[in-house]
Amino acid sequence: MSVVTRIAPSPTGDPHVGTAYQALFNSVFARQHGGKFIVRLEDTDRSRYNATSEGRILDMLDWLGIVPDASPRNEDDKGPYIQSQRAGLHRQYAEQLLASGAAYRAFDTTEELDERRKAAEARKDSYLGYDRRDRHLSAEESDWRAAAGEEFVIRLKAPLEGKTVVHDHLRGDVVFDNAELDDKVLLKRDGFPTYHLAAMVDDHLMGVTHVIRAEEWLTSTPIHQLILQGLGWQAPVWIHTPWLLSAGGKKYSKRRGDPSVEDFRNKGILPEALLNYLGMMGWTMPNGEEIFSVDDMVQHFSWERVSLGGSTFDVQKLKWLNGKYIREVLPLATVASRVHGFGTEHGYAQGIAEDKYFTQVVELMLPRFETLQEFWEKTAYFFGEDYPVTDKAAKPLAEGQDVLPKLREALAALPALTHDQTEPVLKALAEAQGLKVGKVMQPLRAAVAGTLESPGMFELLELLGKERVLARLDRMMK
RNA sequence: GGCCCCAUCGUCUAACGGUUAGGACACUACCCUUUCAAGGUAGCGAUACGGGUUCGAAUCCCGUUGGGGUCACCA
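Residues numbered from 1 in each chain as written. Chains lettered and ligands numbered in written order. Predicted model: local features only at pLDDT ≥ 70, side-chain atom pairs only at ≥ 80, totals over all residues. Heavy atoms only, no water.

Examining the layout of surface pockets
As a volume, the largest pocket reaches approximately 1200 Å³. In this structure, the largest pocket is lined by 38 residues; those nearest its centre are Pro9, Ser10, Thr19, Glu216 and Trp217. Sorting the residues of the lining of the largest pocket by element identifies β1 (4–7), α1 (17–32), α2 (51–64) and β8 (210–214) as the ones contributing at least two each. No other element matches α1, which puts 5 residues into the lining of the largest pocket. Residue composition of the lining of the largest pocket, by class: 14 nonpolar, 13 polar and 11 charged. The computed volume of the second largest pocket comes to approximately 640 Å³. (1 Å grid on protein atoms, 1.4 Å probe; cavity = no way out; pocket = protein on both sides within 12 Å on 5 of 7 lines; lining within 4 Å. Points joined across faces, edges and corners; volume = space filled by probe spheres on them. Helix = DSSP H or I, 4+ residues; strand = E, 2+ residues; numbered from the N terminus. Nonpolar A, V, L, I, M, F, W, Y, C, P; charged D, E, K, R; others polar.)

A look at helix α9 (residues 271–279)
Helical geometry: 3.6 residues make up each α-helical turn, so side chains three or four residues apart lie on a common side. Among the 9 residues that make up α9, 8 are buried, leaving the element largely enclosed by the rest of the structure. Looking only at α9, the buried set comprises Pro271, Ala273, Leu274, Leu275, Asn276, Tyr277, Leu278 and Gly279. (Buried < 20%, exposed > 50% of the residue type's maximum accessible area, 1.4 Å probe, protein only.)

Some words on the domain arrangement of chain A
When the domains of chain A are assigned, the result is domain 1 (4–72 + 196–245), domain 2 (88–187), domain 3 (331–378) and domain 4 (382–476). Domain 2 and domain 3 are separated by 57 Å when their C-alpha centres are compared. (Domains from an automatic or database assignment.)

Quick word on the protein's contact with RNA strand B
The local shell around RNA strand B holds 68 residues, among which Arg117, Lys188, Lys250, Ser311 and Arg445 are the closest. Among all atoms of RNA strand B positioned within 4 Å of the protein, those belonging to sugar or phosphate total 73%. One of the side-chain N or O atoms of Lys250 is found 2.3 Å from a phosphate oxygen in RNA strand B. Ser454 is positioned such that a nitrogen or oxygen atom in its backbone is 2.5 Å from a base nitrogen of RNA strand B. For the surface near RNA strand B, the leading source of residues is helix α11 (residues 315–329), giving 6 residues. Grouping the amino acids of the surface near RNA strand B by side-chain chemistry returns 23 nonpolar, 20 polar and 25 charged. (Near = heavy atom within 4 Å. Polar contact = N/O pair within 3.5 Å; in protein donor to acceptor, adjacent residues only side chain to side chain.)

Re the side chain of Thr209
Along the chain, the position of Thr209 falls in the loop between α6 (195–205) and β8. Judged by relative accessible area, which is 12%, Thr209 ranks as buried. A polar contact of 2.9 Å, which involves the side chain of Thr209, links it to the backbone nitrogen of Val4.

Some thoughts on the environment of Glu377
Positionally, Glu377 belongs in helix α14 (residues 372–378). It is 55 Å that separates the C-alpha atoms of Glu377 and Leu181, two residues lying 196 residues apart in sequence.

Thoughts on the sheet that holds strand β3 (residues 103–106)
Strand order in the open sheet formed by 3 strands is β3-β4-β7, and the pairing between neighbours is antiparallel. Two strands in the sheet have a free side with no partner beyond their single neighbour: β3 and β7 (185–187). Here the strands of the sheet are splayed against their neighbours by 45 degrees on average, with no regard to which way each runs. (Pairing = 2+ DSSP bridges. Axes fitted to C-alpha atoms, helices over the stretch in contact; angles between N-to-C directions.)

Concerning the pattern of salt bridges
Under the defined criterion, the tally for this structure stands at 41 salt bridges. The closest approach of N and O atoms between Glu262 and Arg56, which form a salt bridge, is 2.8 Å. Within this pair, whereas Glu262 is found in helix α8 (residues 261–267), its partner Arg56 is found in helix α2, the two being separated by 206 residues in sequence. The exposure class of Glu262 is partly exposed, given its relative accessible area of 25%. Linking Asp108 and Arg133 is a salt bridge whose minimum nitrogen-to-oxygen distance equals 3.3 Å. Pair noted here: Asp108 is in the loop between β3 and α4 (110–122) and Arg133 is in the loop between α4 and α5 (139–147), with a separation of 25 residues, a long-range link. Look at Asp108 and you get buried, because its relative accessible area is 4%. Its relative accessible area of 37% is what places Arg133 among the partly exposed residues. Salt bridges sharing partners connect three or more residues here, namely Arg6, Arg40, Glu42, Arg86, Asp202 and Asp203. (Salt bridge = Lys/Arg side-chain N within 4 Å of Asp/Glu carboxyl O.)

Structure, rendered in structure tokens:
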């Protein structure tokens with residue numbers, strides 16, 4: 001049996017980290033088995049639909065480098081992959097369920113439902129689902145009222161007794177008491193299906209073999225099995241993955257202020273690092289390695305190494321990982337081009353060419369920035385003469401005014417400010433003045449960089465070049 | 001509240017009945033050093049609790065507690 005997995009994001013807002021997480025695991029598992037990974041947009045909630053969201057979700061996947069075998073941008077014969085375009089299909093199966101007696105029409109208005117629910121809550125009922133008022137309407141009455149134009153929804157007729165066993169691939173059998181189950185709405189008043197129906201119909205029609213989704217779906221899986229059963233279809237392998245949590249221990253969510261994938265991207269997190277980080281949430285490489293690629297994951301993935309406790313998202317560790325990719329994993333040329341691309345996208349790189357000089361700056365800065373954004377925040381003095389002087393740098397700059405002219409003189413005498421030329425000169429000068437090396441270096445650094453945090457002095461001088469260094473010294477000498 | 005899931009350092013995790021409970025992030029100290037980093041070394045720090053089973057339990061079973069999820073004409 002060939003594996004088919006999917007993600008079914010809902011285009012309601014910002015591209016969610018949870019979607020990226022699911023996309024990773026679904027695509028890795030499919031690839032590992034030479035199967036197919038598909039993306040289906042679940043947009044059947046017209047009220048929450050967000051027109052830009054759809055494209056942004058697909059863009060996020062592109063950015064991450066997760067390539068679906070089928071999606072709204074890559075349709076095949078199993079499509080369309082936009083769920084609302086399949087509404088006719090869903091309706092047809094809802095009617096089939098209705099005809100076979102596995103479902104029924106319910107004519108309650110939203111107001112009635114609200115009222116009864118509130119009453120149930122007030123009574124502290126343990127069962128808070130639909131009270132099944134219309135479950136026992138005769139077929140004649142149901143047909144007649146529908147024909148008369150009364151609006152209705154189609155609900156699942158869940159069994160009232162017995163048990164439904166869901167076999168979760170990670171947790172084993174999970175037993176639900178049917179009496180706890182609800183007569184869920186399958187087809188809404190507006191003719192669109194709910195998730196429960198739509199997902200099951202589409203998964204089946206698209207040949208999905210393994211439903212890998214977040215743990216929040218576990219409790220509605222018995223409903224899904226009942227739908228499948230009513231339609232005479234076989235259930236897929238259910239795999240409910242552990243939670244992604246945010247600092248408070250709650251479910252990670254954009255609504256709580258947790259960053260979206262776009263937020264990470266805009267801060268200068270690399271897709272490789274994000275994916276690597278997500279991969280170590282709930283899963284580990286067999287040898288315990290922390291730095292691994294999606295390809296490594298495809299090679300070594302197994303459900304046995306998934307831990308079930310939820311994982312708290314730690315931005316600090318993500319940043320560390322990102323820094324690791326910058327300084328150790330990605331080649332310099334790649335880092336330089338990512339940095340420049342980021343700068344262009346966010347207005348930092350105006351008039352700055354992606355040339356050899358730029359790459360040298362990146363190389364010098366390599367161990368000094370963890371996100372692409374940090375690079376730009378720390379390097380103004382490499383790319384212009386109007387760099388700011390920090391408060392901390394102002395002090396050594398003032399204190400060093402008498403040594404600066406001597407420094408200028410010594411540097412001006414050099415043919416070029418190469419490392420091997422400047423180092424002995426600067427050290428000799430410090431000694432001659434009876435000063436600690438730092439007392440000479442810090443004023444120099446403050447003058448040419450405007451900050452006390454910079455790459456090594458000699459590399460800095462060499463890269464900046466004699467002309468610029470001298471001009472800066474002239475300007476900074478009172 | 002009913003039901004469901006989960007439980008090792010603050011965080012991510014290793015251990016698949018026998019380890020001084022290991023690693024990583026963070027934190028602290030030291031080393032390196034012209035600053036800031038990076039890097040290196042060391043330290044701090046966990047099996048939620050209570051019962052069993054077993055020669056032996058982080059590991060298996062039960063209970064308690066705690067956390068999370070779910071109970072929408074949202075997904």
